[in-house]
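Summary of the model geometry
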Amino acid sequence: MAFARADARRRRSVVKAARPTPRPKTPRRNSRGRSALAGPRSTESTPQARNGRVAASRAVHERIGQQLREARAGTDALFALVGDDWLYERPIPERHRLVFYLGHLEAFDWNLLCRDGLGLKPFDPELDRLFAFGIDPSEGAGPKDSAADWPALAIVRRYGERARAALDDALARGAFSGRLSEPAPDDAGAVDLAIEHRLMHAETLAYLLHQLPGHAKAPGPLPAPPPPAPPRRSVEVAAGRARLGRERSDDSFAWDNEYAAHDVHVPAFAIDSRNVTNGEYLRFVEAGGYADSSLWSPEAWRSRQVAATVHPWYWVKRDGGWRYKAMFGEVPLGDSWPVYVSHAEAKAYARWRGLALPTEAQYHRAAFGAPGAPRSYPWGEATPTSRHGVFGFSGFDPEAVGSHPEGDTPEGVSDLVGNGWEWTASPFEPFPGFTPLAAYPGYSADFFDGAHFVLKGGSPRTAIRLLRRSFRNWFQPLYPYTYATFRCVEARG
Ligand code: AVJ
Ligand code: FE
């Protein structure tokens, strides 16, 4: 059978690919490999560690089991959008082929929770390694593998089924210990970690699928022409403190880069009440913003993106008119949608207006108020719903800025959460008191390199649980594929 033969052929090339083949330039790995946690923990005296040895309750196992199943259904639905033939494509040159992600989501869960956490015996160590790490190479240093280097879909799917079955069985047995925050790989909190890992991939997988042509995907909704944008105001924020980060006493999962909580003094500033729209950004494009080297960093100016394109990645010019590359096809460019751009483009636009991007601390102060009376969300304490903004997989494309006023801050700043991540001026750095998570030491630490910037908020494809105040996202400044927008700030005084 043709299928079986293809399997055998691909199987052999995996063996090749899994060996450490010398590459011209090693792409950055998303993790430092096998968990550093082996044998007894050194922190047995902390209360969390003592509690952590108690088996997690049935209720906790039911919650994480349910949330894991929901997250799997989400990523399964994404893979089901594309025909099998397309899964060997590499829609973004700096990322792996789609088939890698099909294996990665299952390998990640298995490696962390079953192999490292519960000590189960690997059933396919080669694939455990092949699918362990994503990549984040800098420009021009992308991966060079070919489609034939990857195993056949039947093999990848079988691997995924076995990995899932082992984890489901462990959850049904109640195999995980009780600690939720700063978990070891055998704690219930490590299952939360795996769930959030999968949910983040559900978003970045959408960026990948977005780049495939419409005919590669099942039909889906196209965004309708949006209503006009509300007027943009400048909202004054008085000097004062902002609270960043997360209390160690919170007993639920958070990533290492969210710790520790600390206050920062923020001088007075004014912030745009809403995001920069396509219509506004178009004026920058038409005024020659991409041709003015004084607006760009030397790296951005040299970059392929700037040299080869003169407009946002999600725009395309046809017959003299601008169109928008929506998830399921091209549509007329919606003037009032937030513009999705790279950090370099956002910064160039802000400079052109004589303004700046908000720092992470300014974002916190505008979105969540003062440390004395901090809000959980820009609108207050209410659990995020579709009334508050555009997030939680509500759709694949943005909506008009300011279209969810229930999600505004008390001062009327809109969409600080949802409808597109907010680029900040802040490089991704550890907060004071940072310690890598034992369960995944490289998750953040591998990216504290000055070459990534913090994004806050969320996009239409961001899971609701990732909208928490302390969550931080990061990408390289020239990466144009993120559903990321921005607004401008001006220092006062
Ligand atoms: C936090 C979204 C930048 O996609 O590179 C996934 C998340 N880390 N697998 C990324 C991540 C490892 C990460 N971001
Ligand atoms: Fe990953």
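Details of the structure are given in the entry above.
Residues numbered from 1 in each chain as written. Chains lettered and ligands numbered in written order. Predicted model: local features only at pLDDT ≥ 70, side-chain atom pairs only at ≥ 80, totals over all residues. Heavy atoms only, no water.

What follows concerns the sheet that holds strand E12 (residues 489–491). Here 3 strands make up an open sheet; going across it, the order is E1-E4-E12 and the pairing antiparallel. Of all the strands in the sheet, the pair left with one neighbour each is strand E1 (234–237) and E12. Neighbour-to-neighbour, the strand axes of the sheet open up by a mean angle of 20 degrees, direction not taken into account. Relative to E12, strand E4 (residues 269–272) is paired through 3 bridges, and the arrangement is antiparallel. From the neighbouring strand, Phe269 faces E12, where its bridge partner is Ala491. (Pairing = 2+ DSSP bridges. Helix = DSSP H or I, 4+ residues; strand = E, 2+ residues; numbered from the N terminus. Axes fitted to C-alpha atoms, helices over the stretch in contact; angles between N-to-C directions.)

Here we have 3 strands laid out as an open sheet, ordered E5-E6-E7, and antiparallel in their pairing. A strand with exactly one partner marks an edge of an open sheet, and here the two such strands are strand E5 (315–318) and strand E7 (329–332). Sheet twist, expressed as the mean angle between neighbouring strand axes with direction ignored, is 40 degrees. Sheet topology places E5 next to strand E6 (residues 321–326); 4 bridges connect them, and they run antiparallel. Residue pairing across strands places Val316 opposite Arg323, the latter belonging to E6. Contacting E5 and E6, helix H8 (residues 278–286) crosses the sheet at an angle of about 65 degrees to E5. (Contact = heavy atoms within 4.5 Å.)

A few words on the coordination of the iron ion (ligand 2). Note on the iron ion (ligand 2): its protein donors are His104 (NE2), His197 (NE2) and His201 (NE2). The metal-donor distances range over 2.2 Å. In this structure, the iron ion (ligand 2) is coordinated by 4 donor atoms arranged in irregular fashion, with angles at the metal of 90 to 172 degrees. Mapped onto the polypeptide sequence, the residues donating to the iron ion (ligand 2) form the spacing pattern H-x92-H-x3-H. Within this pair, His197 and its partner His201 are both found in helix H7 (residues 188–210), separated by 4 residues, close to a single helical turn. (Donors = N, O, S within 2.8 Å, 3.2 Å for Na, K, Ca; no water. Tetrahedral: all angles 85-135°; square planar, octahedral: opposite > 155°, others 65-115°.)

Before going further, it helps to examine the side chain of Arg246. Tracing the backbone shows Arg246 in the loop between strand E2 (240–244) and strand E3 (262–266). Residues contacting Arg246, with those up to four places away along its chain left out, are Ser252, Phe253, Ala254, Glu258, Tyr259, Ala260, Ala261, Arg468 and Ser470.

Okay, H7 next. Across its 23 residues, H7 extends 33 Å between first and last C-alpha, which sits within 8% of the 33 Å expected from 1.5 Å per residue. Burial of H7 is extensive: 22 of the 23 residues sit out of reach of the surface. (Expected span 1.5 Å × (residues − 1). Buried < 20%, exposed > 50% of the residue type's maximum accessible area, 1.4 Å probe, protein only.)

The next thing to look at is the packing of helix H4 (residues 98–117) against H7. With their axes 10 Å apart at the nearest point, H4 and H7 run at an angle of 175 degrees to one another. On the basis of the axis angle, H4 is roughly antiparallel to H7. Each of Leu98, Tyr101, His104, Leu105, Glu106, Phe108, Asp109, Leu112 and Leu113 in H4 lies in contact with H7, whose residues at this interface are Ala190, Val191, Leu193, Ala194, His197, Arg198, His201, Leu205, Leu208 and Leu209. Broken down by class, the residue content of the contact of H4 with H7 amounts to 13 nonpolar, 3 polar and 3 charged. (Parallel < 35°, antiparallel > 145°, perpendicular 65-115°, else oblique. Nonpolar A, V, L, I, M, F, W, Y, C, P; charged D, E, K, R; others polar.)

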